[in-house]
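Overview (structure and organization)
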Amino acid sequence: MTLRYVFALAGLLTAIGVSMFLYKWQVLGFPVTDNQKTPIWTIETAIRFDSGPGSIKANLQIPTLTPGFRMLHEYNVSKGFGFGLNYVSGGREAQWAVRRSDGSQTLYYRRVVYEDTGSDQSDTTPPFPPPPVINEPFKTAVDVIVSEVREHSADPASFTAELLRLANDPSPDANVELLLADARTSADFVQMITTILASARIPARMIRGIVLQDRQRRVEPLPWLEIHDGDRWRYFNPNTGEETLPDRYLIWWRGSEPLVRVEGGSNVEVNFAVQKNHLDSIAIAEQRAALEQSRLVDFSLFSLPIRTQAVYSVLLMIPVGALVMVVLRNVIGIDAFGTFMPVLIALSFRETQLFWGVLLFTLLVTLGLSIRFFLERLRLLLVPRLSAVLIVVVLLMLVISIVSHKLGMETGLSVALFPMVIIAMTIERMSVVWEERGATDAIRGVSGSLVVAIFAYLVMGMHWLEHLIFTFPELLLIILAAVLLLGRYTGYRLVELRRFKVLAGD
Amino acid sequence: MFDYGRRMNEAGVLGVNRRNADFILKLNPRRLYPRVDDKVLTKKLALEAGMAVPELYGLISSQSEVRRLPQLVESLESFVIKPARGSGGDGILVISGQSYRRRGSYRLINGLLITESDLKHHASNVVSGQYSFGGNPDTALIEYCVKFDPMFAEVSYQGVPDIRIIVYRGYPIMAMVRLPTRTSDGKANLHKGAVGAGVDMGSGETLNGVLKNEVVDEHPDTGAAIAGLYIPHWDFILQSAARGSDVTGLGYLGVDIVIDRDRGPLILEMNARPGLNIQIANCAGLAHRLKRIDEIFDANADPVTRARIARREFAAERQTVLPLNGAA
């Protein structure tokens, strides 16, 4: 019955731990390994204009749906302007406004994004566009082209590809030439293509975006063609007819509207600059969770001050050390002094490194023990004697630190990190065992403690494990479950196989 | 390695983990522990139940009372000082006589003389809790020093052998004699180097011994054969052990009994976490016997009946004794 409860509880704890872990890992994107740096891109739009005396209203098209990218944050820099974000037909607009302004002005809008190929951003299915009103002789030319292309295509996608092939033909036919005569920029070209597509009742729009490359100034938005095939939006290279999207293409705005509209200003100039950074994946996961308003992260360790975080990165490893301890004592059967003494010693090894840790610990215990034997002859009562041992341990630590410092071995200074009360208790316990059961038992006990401490140190010192536990503290629930299960382990300990060898009929 | 584990399992060897989880945690409620951990209380309960225990001369329960110690033992030829909450035989001082030439000096069993101040320091250590669990203040018992039965003279070195009996749900299931050696300093504790010898439950006859997990057939100091000794008062000893379970209420218990030359079997102490080396001494596992008791358990049986059933069930003839070759 008890056993069933233990299994149920362990199962429950594991389930909670694993599901929280999977959620944070898969959904929120917390990294399971350290040093996962995700490239992030900062795109800065600078709007410069001269303002006359009077009010100014500036509207900037800003990204809404950006396939392949997710936004980390966005902000604006502008002195004395009111700022707002509006949803408009083409997407989103940033709006700056000021009642009175004079002289040259610069407004900045910055957006930080990171690549996420898995980000699917559903867009609405547009209605069939109304046939555009086109004047003659262009109308006839459009009708001819549409019927011609329709002959050579099967669906909206192939229609678009064929149309673009015709339009980009080095020796275009008369109708195409007539229509594209006025298209001086590629934006005009794409605009004309969307008009032709609209006549064929294919929803199409021009998109403009930025190809992200590190350290770029004065980036020109690149026009692209987007059509809807009744199911989803598809992207076409307007210059080749190829269905594709450029690498690292951040769609900035859709439609034919200009990027920026400034009322009350003149000499408007817009400039894009791109900068690439690397950011810790954790920070990205957190910000993403914050955007999704996940409560889990509100209570995460990362919300604590950095100093407290540092303390917890150590404290969270203690359960791991305790697990090592349980395995070594209950499954292997190694004798050790004190229940958690080895784990605490292992913690101080983190500061001193293994070799120095073992050396200093041995030195301290040996010296302390010899002084303890001397104290025994003074016939002191228990509590004063323990206090005397403690004081001696502190003095020894001081002496070791000073001597090693004078000898130029700075590692000796870290002896101060040993848990002195624990060491004093160890010395006292060891001396009692020494007297009662002999030196062999005492040395076996203390070396057992040291072995457990070394194992615990090695496991607790695994960097990836530390990162994993710190990022996913819910994994401690799994450790708790393991400890609970080990608490009901009734099999033989490894050392018992040797101890009862005689009974195994050997 | 795993083959060992399987064969041990077949031989019914009980491991530490299983003893703790399935027997001690299940059958020995924590609130009953003081009855066995506090030797003063054990003695009181045993006396109330009409069981024989070594006579208590006095108690020292505070540092100020340590001064009274010389007066308390003035008229005693021999006595024992032990901590009420000691474990594993730690802190037990046996005084076998007082020196008449030098006043205020006491003779240990190994012949060494210690001074009155040594004696007081020991008592003071006991009271301050050096030997008690967690270093809690303790009480020192001064009690009768058992004079051992001459039948054990050949197989013990300076000290009193005792008989350890494992009692499960009131039924004695396994027994061994612990024989002091020179290395054990006259103490009957296996981890100090005493020899443990298995005992046939049916007849009270000793079997081979074990020394530090190794099988031995003669005493390391005296060279006398360990096997083949008949423990006197065997019926009474088993009944006392069975009664010990009723007194303490513990379902898994180790009862330590000594045989005094003049007063017969006396209950020395009881233990809620008896060791497992008894299996090596008997060359038999506990698990099969524990299972057998579960099959035949009768809640209404009195100690005498339970002792009789134990003799019948666990007599050596019924046992499949494993071949002994002493090699380990």
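Here's a quick rundown of the structure. Just so you know, these numbers come straight off a predicted model, no measurement behind them.

Reading the values: rules and limits
- Residues numbered from 1 in each chain as written.
- Chains lettered and ligands numbered in written order.
- Predicted model: local features only at pLDDT ≥ 70, side-chain atom pairs only at ≥ 80, totals over all residues.
- Helix = DSSP H or I, 4+ residues; strand = E, 2+ residues; numbered from the N terminus.
- Expected span 1.5 Å × (residues − 1).
- Buried ≥ 20, exposed ≤ 12 C-beta atoms within 10 Å, placed from the backbone.
- Arc of directions from axis to C-beta.
- Contact = placed C-beta atoms within 7 Å.
- Pairing = 2+ DSSP bridges.
- Axes fitted to C-alpha atoms, helices over the stretch in contact; angles between N-to-C directions.
- Nonpolar A, V, L, I, M, F, W, Y, C, P; charged D, E, K, R; others polar.
- Core = buried A, V, L, I, M, F, W, Y, C linked by C-beta atoms within 7 Å.
- Domains from an automatic or database assignment.

Remarks on helix α2 (residues 138–151) of chain A
All names here are of chain A. Its 14 residues give α2 an end-to-end C-alpha distance of 20 Å, which sits within 8% of 20 Å, the value for a rise of 1.5 Å per residue. Turning to α2, its buried residues are A141, V142, I145 and V149. End-on view of α2: buried residues confined to an arc of 95 degrees, all on one side of the axis. Summarising the geometry of α2, the exposed residues directed more than 90 degrees from the buried face are T140, S147 and E151. For α2, the secondary structure elements touched by its buried residues are α3 (156–167), α4 (174–180) and α5 (186–199).

Topic: the sheet that holds strand β10 (residues 206–211) of chain B
In a beta sheet, neighbouring strands pair by backbone hydrogen bonds and run either parallel or antiparallel. Residues and elements named next belong to chain B. Here we have seven strands laid out as an open sheet, ordered β11-β10-β9-β8-β7-β12-β13, and antiparallel in their pairing. Every interior strand has two partners, whereas the edge strands, β11 (214–216) and β13 (264–271), have only one. Taken pair by pair, the neighbouring strands of this sheet meet at an average axis angle of 30 degrees, ignoring direction. This element, helix α7 (residues 234–248), spans β7 (162–168), β8 (171–179), β12 (252–260) and β13 of the sheet and lies at about 135 degrees to β12.

Things to note about the sheet that holds strand β9 (residues 222–228) of chain A
Residues and elements named next belong to chain A. Read from one edge to the other, the open sheet built from four strands follows the order β10-β9-β7-β11, with strand pairing classed as antiparallel. Where the open sheet ends on each side, the last strands, each with one partner, are β10 (233–236) and β11 (249–254). If you compare each strand with its neighbour and ignore which way they point, the axes differ by 40 degrees on average. Where β9 lies against β10, four bridges are found, and the strand directions are antiparallel. Within β10, the position partnered with H228 by the bridge is W233.

Some details on the interface of chain A and chain B
Of the residues lining the interface, 23 residues belong to chain A; the matching set on chain B comes to 31 residues. Broken down by secondary-structure element, the contributors of at least two residues to the side of chain A that touches chain B are α12 (382–406), α13 (420–437) and α17 (494–499) of chain A. When the residues that make up the side of chain A that touches chain B are grouped by side-chain class, the tally is 11 nonpolar, four polar and eight charged.

Looking at the pairing of strand β4 (residues 105–108) of chain B
Residues and elements named next belong to chain B. Where strand β3 (residues 93–98) meets β4, three bridges bridge the pair, whose relative direction is antiparallel. Pairing of Q98 across the sheet is with Y106, part of β4. Pairing of β4 with strand β5 (residues 113–115) involves three bridges; the strand directions are antiparallel. From the neighbouring strand, R107 faces β5, where its bridge partner is L113. Two successive antiparallel strands, β4 and β5, enclose a turn made up of four residues, where G111 displays a positive phi of approximately 95 degrees.

Brief notes about the nonpolar core
Core analysis: the biggest nonpolar cluster contains 96 residues, and A:L503, B:M8, B:A123, B:V167, B:I173, B:A197 and B:I257 have the highest contact counts within it. Considering each element in turn, this core owes the most residues, seven residues, to β8(B). The residues that make up this core include at least three from each of domain 1 (2–52 + 148–318) and domain 2 (56–144) of chain B. Discounting residues that sit within four places of it in the chain, B:I257 has contacts with B:D162, B:I163, B:I165, B:I237, B:S240, B:A241, B:P265, B:L266, B:I267 and B:L268. Counting 53 residues, the second-largest nonpolar core is a separate cluster that includes A:A336, A:V343, A:I345 and A:A456.

Keep in mind these numbers describe shape, not what the thing actually does.
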